[in-house]
Amino acid sequence: MHVAMESTGVYWKPVFNLLEGEFEVLRRELRELVRYRTHLTQERTREVNRVHKTLEDANLKLSSVATDIMGVSGREMLAAIIPGKDDPAALAQLAKARMRPKISS
């Protein structure tokens, strides 16, 4: 027999603990996975924002050229900037896919 519980607040924990040994209780693992995925997504967003801020502080406006600075083109440009490459034309040549047409404009 399976038991599914809606986990609201902390009220579900004692019931879960009682039923866990007798039944196959569902939802807890899914809830933990969803929360963990949400946490990872939020951490990634915070890191991207830190990179944006660091670039802005260094007067590098990569985000005005690359919508997603963590996309393929943005990462290649960042990898070139780190060792000191600062020639805009050379950095523009690192653009891939949809960014290529932006080079001439």
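Throughout what follows, the structure given in this document is the object of discussion. (Residues numbered from 1 in each chain as written. Predicted model: local features only at pLDDT ≥ 70, side-chain atom pairs only at ≥ 80, totals over all residues. Heavy atoms only, no water.)

Another point: the overall build of the protein. Of regular secondary structure, the protein possesses four helices and two strands. Expected size for 105 residues packed as a compact globule is a radius of gyration near 13 Å; at 23 Å, the protein overshoots this value by more than 25%. Summarising its shape, the C-alpha atoms of the protein cover approximately 65 × 30 × 20 Å along the three principal directions. When burial is assessed residue by residue, the protein has 22% of its 105 residues classed as buried. For the protein, long-range pairs separated by at least 24 residues make up 14% of all intrachain contacts whose partners lie at least 6 apart in sequence. Carbon together with sulfur atoms contributes 57% to the accessible area of the protein, which is approximately 8100 Å² in total. Positive and negative charge centroids in the protein, built from 17 and 14 side chains respectively, lie 6 Å apart. (Helix = DSSP H or I, 4+ residues; strand = E, 2+ residues; numbered from the N terminus. Rg over C-alpha atoms; globule rule 2.2 N^0.38 Å. Buried < 20%, exposed > 50% of the residue type's maximum accessible area, 1.4 Å probe, protein only. Contact = heavy atoms within 4.5 Å. Areas by Shrake-Rupley, 256 points an atom, 1.4 Å probe, with all protein chains shown as cover. Lys, Arg positive; Asp, Glu negative; His and termini not counted. Charge placed at Lys NZ, Arg CZ, Asp CG, Glu CD.)

Below, the discussion takes up the nonpolar core. Among the nonpolar cores identified, the biggest contains 12 residues, and these are Val48, Leu55, Leu62, Ile69, Met70, Met77, Leu78, Ala80, Ile81, Leu91, Leu94 and Ala95. Considering each element in turn, this core owes the most residues, four residues, to helix α3 (residues 72-81). The next biggest cluster of nonpolar side chains, apart from the first, holds five residues, and it includes Val3, Met5, Trp12 and Val25. (Core = buried A, V, L, I, M, F, W, Y, C linked by side-chain atoms within 4.5 Å.)

Moving on to unusual backbone geometry. Positive phi outside glycine occurs at asparagine 59, with the angle close to 60°. Mapped onto the elements of the fold, asparagine 59 is located in the loop between α2 (28-57) and α3. For asparagine 59, a relative accessible area of 65% puts it in the exposed group.

To continue, consider α3. Along α3, the positions that sit buried rather than exposed are Ser73, Gly74, Met77, Leu78, Ala80 and Ile81. Axial view of α3: buried residues confined to an arc of 160°, hence all on one face. (Arc of directions from axis to C-beta.)

A few words on the environment of glycine 74. The topology assignment puts glycine 74 in helix α3. Considered as a pair, glycine 74 and lysine 96 are 22 residues apart in the sequence and their alpha carbons are 9.1 Å apart. Not counting chain neighbours up to four residues away, the residues in contact with glycine 74 comprise Leu62, Asp68 and Ile69.

A few words on the pattern of salt bridges. Inspection of the entire model under this criterion finds four salt bridges. Its salt-bridge partner being glutamate 47, residue arginine 50 comes within 2.4 Å of it at the nearest N-O pair. Placement of both arginine 50 and glutamate 47 in helix α2 is noted, with a separation of three residues, approximately one turn of the helix. With a closest N to O distance of 3.1 Å, lysine 61 and glutamate 56 form a salt bridge. (Salt bridge = Lys/Arg side-chain N within 4 Å of Asp/Glu carboxyl O.)

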